[in-house]
Amino acid sequence: MSSIPHEFPPFLKLYAPEPGSMEVSQPAGITLGDWFRSYFLPVVMESERQNSPETITMYRTAVGYWEQCGPAQKPLEALTKADLATFD
């Protein structure tokens, strides 16, 4: 895994959504990266919150680093807090 650049915000952590908290049904087996790209980015960040390009880039970078670790291949519903802590 490549190292995280020094300018990467140290406060950004990954949290899985609570079961049933998504307004849109997601297919079983979807990964956190897939969920980010298919739901969170277009619906929440771009449409609802209208986040800045810089914020979107920061999240894309974080998800990219997440996808380099082992638990990233697990389905979203199978992720544990311990899996998410591997990103810290």
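Rules behind the numbers
- Residues numbered from 1 in each chain as written.
- Predicted model: local features only at pLDDT ≥ 70, side-chain atom pairs only at ≥ 80, totals over all residues.
- Heavy atoms only, no water.
- Salt bridge = Lys/Arg side-chain N within 4 Å of Asp/Glu carboxyl O.
- Buried < 20%, exposed > 50% of the residue type's maximum accessible area, 1.4 Å probe, protein only.
- Helix = DSSP H or I, 4+ residues; strand = E, 2+ residues; numbered from the N terminus.
- Contact = heavy atoms within 4.5 Å.
- Phe/Tyr/Trp six-rings, centres within 6.5 Å; stacked < 30°, edge-to-face > 60°.
- Expected span 1.5 Å × (residues − 1).
- Bend = angle between axes of the 7 residues up to and from the residue.
- pLDDT = per-residue confidence, 0-100.

## A few points about the pattern of salt bridges
- The tally for this structure, following the rule as stated, stands at 3 salt bridges.
- In this structure, the salt-bridge partner of Lys 74 is Asp 83, at a minimum N-O distance of 2.8 Å.
- Taking relative accessible area as the criterion, Lys 74 reaches 31% and is therefore assigned partly exposed.
- A cluster of three or more residues bridged by salt bridges with shared partners is formed by Asp 34, Arg 37 and Glu 67.

## Describing the environment of Leu 41
- One can find Leu 41 in helix α1 (residues 32-48).
- As a C-alpha pair, Leu 41 and Ile 56 span 15 residues in sequence and 7.6 Å in three-dimensional space.
- Leu 41 has contacts with Phe 36, Glu 46, Ile 56 and Arg 60, leaving out every residue within four places of it along the chain.

## Side note on the packing of aromatic side chains
- Tallied over the entire structure, the rule returns 4 aromatic pairs.
- With a centroid separation of 6.3 Å and an interplanar angle of 35°, the aromatic rings of Phe 36 and Phe 40 are classed as tilted. Residue Phe 36 and its partner Phe 40 are both found in helix α1; the two are separated by 4 residues, about one turn of the helix.
- Taken together, the ring pairs connect Trp 35, Phe 36, Tyr 39, Phe 40 and Tyr 59 into an aromatic cluster.

## Digging into α1
- Spanning 17 residues, α1 covers only 20 Å between terminal C-alpha atoms, well under the ideal 24 Å at 1.5 Å per step.
- Along α1, the sharpest change in direction is near 55° and occurs at Phe 40; proline Pro 42 comes one to four residues later.
- Every buried residue of α1 is accounted for by Leu 32, Gly 33, Trp 35, Phe 36, Tyr 39, Phe 40, Leu 41, Val 44 and Met 45.
- Those residues of α1 hidden inside the fold are in contact with α2 (53-66).
- Note on α1: the residue one or two positions beyond its end, Gln 50, has a positive phi of about 50°.

## Side note on the confidence of the model for the protein
- Overall, the predicted model of the protein reaches an average pLDDT of 76, with 69% of residues at or above 70.
- When pLDDT is averaged over each element of the protein, α2 comes out on top at 89 and helix α3 (residues 81-85) at the bottom at 83.
- Counting contacts from residues 1-6, a segment whose pLDDT is below 50, to residues more than four positions away or on other chains yields 7 contacts.

## With respect to the side chain of Thr 31
- Within the element layout of this structure, Thr 31 appears in the segment before α1.
- Judged by relative accessible area, Thr 31 falls into the buried class, the value being 11%.
- Among residues more than four places away in sequence, those in contact with Thr 31 are Ala 72, Gln 73, Lys 74 and Leu 76.

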